[in-house]
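Chain residues, written in single-letter form:
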Amino acid sequence: MSGQSERNLSLNLNQGSQGLSKRLLRSQLGRELRILVRSPADVVNPLMFFALGVMLFAVGLRGEREVLAEFAPVVIWVLVLLANLLSLENLYRRDFEDGSLEQLVLLARPGFLAVLGKILAHWLQAGLWLCLVAPLAGLALFLSPDQAGFLFITLLLGTPALSLLGSVGAALTVGLGRGGVLLAVLVLPLYLPVLIFGASAVLENMAGFSTSAQIYWLASITMLALTLAPLATLAALRISVEQ
Amino acid sequence: MGGHGLYVWLSYGLSFLVIGLLVWRVRSARRAFVRQARARAQRLSAEPQAK
Amino acid sequence: MSLKTLWHKLGSPRWFYELSGPWTTGFGVAAALLLAVGCVWALAIAPEDYQQGNSYRIMYIHVPTAILAQSVYMTLGVAGVILLVWRMKLADMVLACAVPFGLWMTALALVTGAIWGKPTWGTWWVWDARIVSMLVQLFLFFGLYALREAIPRADAAGRACAVLAIVGLVNIPIIKYSVDWWLTLHQPSSNLLTGPTMPSEMYLPLFVNIIGFYCLYAYVLLASLRLEILRREEKTQWVQQQLQQPLPQQPQAV
């Protein structure tokens, strides 16, 4: 049993043929998800961090209903950003240490899809769970159920961009011993538009204004990041692997 | 400057301080490098003769 | 010389070093003259603003530094593309040398803006769109600086910074737009090309100062590049020959 699963964990790199690219993406994603199932801490830790942050804000603001409801969208979005950031450090670190990252960068064709598979897996690990938990936190901070649902939609549109943009920073810092703070410095400025459109969508929705502009912007930032970030990540990984 | 002198001079002073520092840094770094590189070159050319 | 041969020659640090000597001196002198003329004009000759009084004279420093901050980041992005695509050594050096200058210009733009804000808005700091964009720009510059410091191997550091600079360049319009859209308060910038909202005796010194700051940038960048070339090519014969000559006397700039 263990032998079988070990082989499942090994990289499944299909070279050359374009027709195999879908399989590459699927196998890469599958591998990441199997690793994920075996280390639930990677999923739980960012969520715990998020819940702790929400608690700190709520207690710090003395649990006052009006104040909390007013700040809730921003507090939740900022904490999602930070929780996401914390989970980024492990995105490439383990593969870098055991050498499989090198194989992935040098051998996988097309590399774009292999990297995309890793980023997707990261979103499933961090972003998706945060999307699911955040509305509950919203309810705890006295958002109405409607607004909590709307918060969920904005998060669903915005968090993939966080994983994509963050993966570039993670790839640039993966070879460095203590990349944590540096990663934050590199990535957080790039997160600013996502925060602005995400939080303002919820705020404007609470005030009863139209929010289609923010929704379109979130979607287009995610689409832009989806097309460009894997390329930048791949270039960054090549540099990190060489050193 | 009609009560605004402090603000105006403060910003001009700070700016020229920074500009001066930037210019001074690159010029002094160049002088230091040339001095050191010459010393290195002399050591290198002196060594074979000493042997 | 055709553009194509120029492009190939730029790949040779030696050629660039020999060509750039007189240009460095020229830009240094031009920067000193233009900034001296511009600042005297701005401080002593330009008329007082009827609304803001004399405090508006800070603009003659604030606007050029803000423009330079953006221009330097553009340079970095372009150098990043050139480095990643053509592996040109010179682009790597530009990426290394321009960052501190950009960082300082951004910081100056923020600080002079804050000083200007006190007498005009009554406060040192507001969370206004253009100020926040400038702050983000400061963080982007600092990220480039910190990344280079963190990576031990020089060529890997250069290419990593290239990737980061390009990602930043793609993101800057989005960041600016989003910030602008969310926090607009600033007075609209007067456009220098399509007719300024100022009378000419007020905007001419600004124009002189902007050109002066660009010359200063060219001078500092070229001087740092020349030093960087000497450092990296120290072992080559031509650098050793250069070192034998007495130090070229560069006129005191600024």
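Every value quoted in this text rests on a predicted model; they were computed, and no experiment measured them.

1. A closer look at the overall build of chain B
- Looking only at helices and strands, chain B features one helix and zero strands.
- Working note: accessible area of chain B is about 3,300 Å², and carbon and sulfur atoms make up 63% of it.

2. So, the packing of helix H9 (residues 180-206) of chain A against helix H6 (residues 154-182) of chain C
- For the pair H9(A) and H6(C), interaxial distance at closest approach is 9 Å and the crossing angle is 30 degrees. The angle between H9(A) and H6(C) places the two elements in the roughly parallel class. Handedness of the crossing formed by H9(A) with H6(C): left-handed. Contacts between H9(A) and H6(C) involve Leu186(A), Pro189(A), Leu190(A), Leu192(A), Pro193(A), Ile196(A), Phe197(A), Ser200(A), Leu203(A) and Glu204(A) from the first element and Leu164(C), Val167(C), Asn171(C), Ile174(C), Ile175(C), Tyr177(C), Ser178(C), Val179(C), Trp181(C) and Trp182(C) from the second.
- Residues that form the contact of H9(A) with H6(C) fall into these classes: 16 nonpolar, three polar and one charged.

3. Description of the interface of chain C and chain B
- Tallying the contact residues gives 46 residues for chain C and 28 residues for chain B.
- Seen at the junction of chain C and chain B, the total is one salt bridge.
- Here Glu234(C) ties to Arg40(B) by a salt bridge, and the two come within 2.8 Å at their closest N and O atoms.
- Remark: the boundary between chain C and chain B carries four residue pairs in polar contact (both at pLDDT 80 or more).

4. As for the packing of aromatic side chains
- Evaluated as defined, the whole model comprises twelve aromatic pairs over all chains.
- Plain terms: the ring middles of Tyr7(B) and Trp124(C) are 6.2 Å apart, the flat faces sit at 65 degrees to each other, and that makes the pair edge-to-face. Taken together, the residues span two chains, with Tyr7(B) in helix H1 (residues 5-50) and Trp124(C) in the loop between helix H4 (89-121) and helix H5 (129-150).
- For Trp124(C), a relative accessible area of 43% puts it in the partly exposed group.
- Ring geometry for Trp125(C) versus Trp127(C): centroids 5.6 Å apart, planes at 80 degrees, classification edge-to-face.
- For Trp125(C), a relative accessible area of 30% puts it in the partly exposed group.
- The exposure class of Trp127(C) is exposed, given its relative accessible area of 57%.
- Each residue in the set Phe197(A), Trp217(A), Tyr177(C), Trp181(C) and Trp182(C) is aromatic and connected to the rest through ring pairs, giving one cluster.

5. So, the pattern of salt bridges
- Applying the stated criterion across every chain, the model contains twelve salt bridges over all chains.
- Connected through shared salt-bridge partners, Asp92(C), Glu228(C), Arg231(C) and Arg232(C) make up one network.

6. A short note on the arrangement of the chains
- Counting contacts across all two pairs of chains that touch, the top-ranked interface belongs to chains B and C.
- What separates chain A from chain B at the closest point of their C-alpha atoms is a distance of 24 Å, and the two make no contact.

7. Focus: the side chain of Thr112(C)
- Tracing the chain through its elements places Thr112(C) in helix H4.
- Separated by 3.2 Å, the side chains of Thr112(C) and His62(C) make a polar contact.
- At 2.8 Å, the side chain of Thr112(C) forms a polar contact with the backbone oxygen of Leu108(C).
- Among all residues touching Thr112(C), those that are not within four sequence positions of it are Ser11(B), Ser15(B), Ile58(C), Ile61(C), His62(C) and Thr65(C).

Calculation notes
- Residues numbered from 1 in each chain as written.
- Chains lettered and ligands numbered in written order.
- Predicted model: local features only at pLDDT ≥ 70, side-chain atom pairs only at ≥ 80, totals over all residues.
- Heavy atoms only, no water.
- Helix = DSSP H or I, 4+ residues; strand = E, 2+ residues; numbered from the N terminus.
- Areas by Shrake-Rupley, 256 points an atom, 1.4 Å probe, with all protein chains shown as cover.
- Axes fitted to C-alpha atoms, helices over the stretch in contact; angles between N-to-C directions.
- Parallel < 35°, antiparallel > 145°, perpendicular 65-115°, else oblique.
- Left-handed = near helix turned anticlockwise from the far one by under 90°.
- Contact = heavy atoms within 4.5 Å.
- Nonpolar A, V, L, I, M, F, W, Y, C, P; charged D, E, K, R; others polar.
- Salt bridge = Lys/Arg side-chain N within 4 Å of Asp/Glu carboxyl O.
- Polar contact = N/O pair within 3.5 Å; in protein donor to acceptor, adjacent residues only side chain to side chain.
- Phe/Tyr/Trp six-rings, centres within 6.5 Å; stacked < 30°, edge-to-face > 60°.
- Buried < 20%, exposed > 50% of the residue type's maximum accessible area, 1.4 Å probe, protein only.

Note that all results are geometric; they support no functional claim without further evidence.
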